[in-house]
Amino acid sequence: MPGGCSRPRLRVRGDAALALLALLAACSTGISPFRGRARIGRDAYAVFVGDAPGNRTDLFGVRADGGEVVQITFSNVAETAPALSPDGSVVAFIRQHSLGDSARADVWVMNLLSGAERELPLGADAARPERVGWWDDGRVIYVRAGAELWRLDAPPAPPAARPVAPAKRAAADSSLAVWLGAPPFARVVACGDSLCAQGDSGRAAAFAAGHDPVRWGPDSVGYVVDGRLVIRPDGPGHGRPMEWTGAPAHPRQFTFFPGLRSTDAGPQAPP
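Residues numbered from 1 in each chain as written. Predicted model: local features only at pLDDT ≥ 70, side-chain atom pairs only at ≥ 80, totals over all residues. Heavy atoms only, no water.

1. A short note on the overall build of the chain
Regarding its fold elements, the chain presents two helices and 22 strands. Accessible surface computed for the chain: about 12500 Å², of which carbon and sulfur atoms make up 53%. (Helix = DSSP H or I, 4+ residues; strand = E, 2+ residues; numbered from the N terminus. Areas by Shrake-Rupley, 256 points an atom, 1.4 Å probe, with all protein chains shown as cover.)

Structure below.
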């Protein structure tokens, strides 16, 4: 049912987070495969897209310090464009509608603690979603669909999909960008076969040879080179490859949670 519970597998912050966990308790059929490999909402980790056996496109997770890669989704349809919530407990992503219809796709969210999932439908006239991003408070998900930007209210609120108003497009664009620095001073963009840093003026300077950039905390950026994730500082310095095992073929489209700050209270496991 659109907007309801489905296959196993969500969350946000504070009171909203507790309400969301309660809402999904009846939807879950177990725990997320990633929960046993990382302390969800506390450790630093990444979620990304890879090619699973059988030529399936699924989501995978890995801790920021490397180690074993864990497969998170196991569906027969493609899942792409993951985006971790600000508190790290939820991943939003795009799921192909069906095996026989690659032109259609839907926005979904998964709770990395419980494994609960929920579909967040866009409007009937929306184009195919291509990218998702979270606003800083974890209450809003922005979606790029063709030339349009959509806003979804994150659970436990009803999705209430609506086009982004012109006055809010800058905020939506910001949530979908890969930024350098804290506070941000430039975004990472593709320029040919490499990556460039682009400032407010629009001028771009060469940054790194790679693709699929991801903001890796306040002072680093990750990107893919020859099937390996490389992490390098925003400023001068050399990149270091992620030391992982069991990585899928063609890792790409990374999203990163930098870990719990000492002043935060991380998410609790559902009963």
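Alright, that's what it looks like, and here's the rest.
2. Brief notes about the side chain of arginine 232
On the secondary structure map, arginine 232 appears in strand β19 (residues 228-233). Although arginine 232 lies buried, it forms no salt bridge, and the closest oppositely charged side chain, aspartate 234, sits 6.7 Å away as judged by the N-O distance. Looking at arginine 232, its side chain comes within polar contact range of the main-chain oxygen of phenylalanine 207, at 2.8 Å. Discounting chain neighbours no more than four positions away, the residues touching arginine 232 are Phe207, Ala208, Ser220, Val221, Tyr223, Gly237, His238 and Gly239. (Buried < 20%, exposed > 50% of the residue type's maximum accessible area, 1.4 Å probe, protein only. Lys, Arg positive; Asp, Glu negative; His and termini not counted. Salt bridge = Lys/Arg side-chain N within 4 Å of Asp/Glu carboxyl O. Polar contact = N/O pair within 3.5 Å; in protein donor to acceptor, adjacent residues only side chain to side chain. Contact = heavy atoms within 4.5 Å.)

3. Re the state of the cysteines
Across all of its chains, the model carries one disulfide by this definition. One disulfide bridge connects cysteine 191 with cysteine 196, the sulfur atoms lying 2.0 Å from each other. When the S-S torsion is 90 degrees, as for the bridge of cysteine 191 with cysteine 196, the disulfide is right-handed. Judged by relative accessible area, which is 8%, cysteine 196 ranks as buried. (Disulfide = S-S within 2.5 Å.)

4. Considerations on the sheet that holds strand β18 (residues 220-225)
The four strands lie next to each other as β17-β18-β19-β20, forming an open sheet whose pairing is antiparallel. The strands lining the two open edges of the sheet, one partner per strand, are β17 (211-215) and β20 (240-241). Of the strand pairs in this sheet, β17 and β18 are connected by three bridges, and their pairing is antiparallel. By the bridge assignment for β18, arginine 215 is matched with valine 221. (Pairing = 2+ DSSP bridges.)

5. Focus on the sheet that holds strand β11 (residues 148-153)
What the four strands build is an open sheet, ordered β9-β10-β11-β12; its pairing is antiparallel. Taken across any chain shown, the strands that pair with only one partner, and hence form the sheet edges, are β9 (129-134) and β12 (162-163). Note that β9 and strand β10 (residues 140-145) share five bridges and pair antiparallel. Residue pairing for β10: valine 132 is matched across the bridge by valine 143. Across the sheet, helix α2 (residues 169-176) is in contact with β9, β10 and β11; its angle to β10 comes to roughly 85 degrees. (Axes fitted to C-alpha atoms, helices over the stretch in contact; angles between N-to-C directions.)

6. Topic: the environment of proline 158
Along the chain, proline 158 turns up in the loop between β11 and β12. According to the relative accessible area criterion, proline 158 is exposed, its value standing at 58%. In the structure, proline 158 is positioned 38 residues away from leucine 120 in sequence and 8.4 Å away in space, judged by C-alpha atoms. Each residue touching proline 158, except ones within four places of it in the same chain, is listed here: Arg118 and Asp153.

7. Description of the confidence of the model for the chain
For the chain, per-residue confidence averages 85 on the pLDDT scale, and 85% of positions sit at 70 or higher. Put simply, helix α1 (residues 14-24) is where the chain has its lowest mean pLDDT, 43, and strand β5 (residues 79-84) is where it has its highest, 98. Scored below 50 in pLDDT, residues 1-29 shows 81 contacts in the model against residues more than four places distant or in partner chains. (pLDDT = per-residue confidence, 0-100.)

8. With respect to the pairing of strand β1 (residues 45-52)
Remark: a regular strand shows side chains that alternate across the two faces of the sheet. Counting buried residues along β1, eight of its eight residues qualify, which places the element largely inside the surrounding structure. Two strands pair when backbone bridges link them, and β1 and strand β2 (residues 56-63) are joined in this way by eight bridges, in the antiparallel orientation. Within β2, the residue paired with phenylalanine 48 across the bridge is phenylalanine 60. Taking the residues between adjacent antiparallel strands as the criterion, β1 and β2 are bridged by three residues, where glycine 54 takes a positive phi near 85 degrees. As judged from the five bridges shared by β1 and strand β22 (residues 249-257), these two strands associate in the antiparallel manner. What sits directly across from valine 47, in β22, is threonine 255.

9. A word on the pattern of salt bridges
A full pass over the atoms with the stated rule returns 12 salt bridges. Arginine 63 is the partner of aspartate 65 in a salt bridge, and the nearest nitrogen-oxygen pair spans 3.1 Å. Using a relative accessible area of 55% as the deciding quantity, one classes aspartate 65 as exposed. The class of arginine 63 is partly exposed, set by a relative accessible area of 28%. Salt-bridge contacts for aspartate 173 lead to arginine 144; the nearest nitrogen and oxygen are separated by 3.2 Å. Here aspartate 173, found in helix α2, pairs with arginine 144, found in strand β10; they are 29 residues apart in sequence, far enough to count as distant.

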